[in-house]
Amino acid sequence: MAITYTWDCKTVDTYPTKDSKSDVIFNVHWRLNAEDDTEDKNTGTIYGVESINTDDLSTFTAFADLKESDIIGWVESFLGTDKITVYKANIDAQIAEKITPTVVTKTIGV
């Protein structure tokens with residue numbers, strides 16, 4: 001079974017203006033989604049928010065010029081490979097639990 005991971009980093013918080021710049025991103029709301037390649041297409045996800053230091057805007061990119069791939073790069077850089085590996089393992093465990101549950105909730109008398 002193979003698992004495919006995809007980032008969703010489309011939602012951001014911005015300052016309308018800061019240091020004469022417009023729409024300065026200071027938070028990225030990210031989600032790492034995964035889906036296996038089985039017939040059932042089991043899924044898992046983990047999410048969070050990363051803060052961006054806006055003290056130095058010398059490398060500022062205008063909001064209109066940003067792509068989601070730029071934001072994904074920021075998030076991956078902030079999180080680092082070790083934390084991303086842990087998150088992927090967490091998602092893998094979510095998917096494994098769906099395939100072979102270790103706990104099943106049932107109702108008596110139904």
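Residues numbered from 1 in each chain as written. Predicted model: local features only at pLDDT ≥ 70, side-chain atom pairs only at ≥ 80, totals over all residues. Heavy atoms only, no water.

A. Local environment of the pattern of salt bridges. The tally for this structure, following the rule as stated, stands at one salt bridge. Measuring nitrogen to oxygen at the nearest pair gives 3.9 Å for the salt bridge that ties E68 to K10. In this pair, E68 is assigned in helix α1 (residues 68-99) and K10 in strand β1 (residues 3-18), connecting sequence segments 58 residues apart. (Salt bridge = Lys/Arg side-chain N within 4 Å of Asp/Glu carboxyl O. Helix = DSSP H or I, 4+ residues; strand = E, 2+ residues; numbered from the N terminus.)

B. Geometry of the nonpolar core. Grouped together as the largest cluster of nonpolar side chains are 18 residues, with contacts concentrated most on W7, C9, V28, W30, L32, V75 and L79. Setting aside anything within four residues of it in sequence, one finds V75 in contact with W7, C9, V28 and W30. (Core = buried A, V, L, I, M, F, W, Y, C linked by side-chain atoms within 4.5 Å. Buried < 20%, exposed > 50% of the residue type's maximum accessible area, 1.4 Å probe, protein only. Contact = heavy atoms within 4.5 Å.)

C. Looking closely at unusual backbone geometry. We note that D23 has phi near 50°; this positive angle belongs to a residue other than glycine. Along the chain, D23 turns up in strand β2 (residues 21-36). Taking the relative accessible area as the measure of exposure, D23 reaches 34% and is therefore partly exposed.

D. Highlighting the packing of aromatic side chains. The final tally for this structure, using the stated rule, is three aromatic pairs. Seen in terms of ring centroids, Y15 and F26 are 4.2 Å apart; in terms of plane orientation they differ by 20°. Their pairing is stacked. With Y15 in strand β1 and F26 in strand β2, this residue pair connects regions lying 11 residues apart in the sequence. We classify Y15 as partly exposed; its relative accessible area is 32%. (Phe/Tyr/Trp six-rings, centres within 6.5 Å; stacked < 30°, edge-to-face > 60°.)

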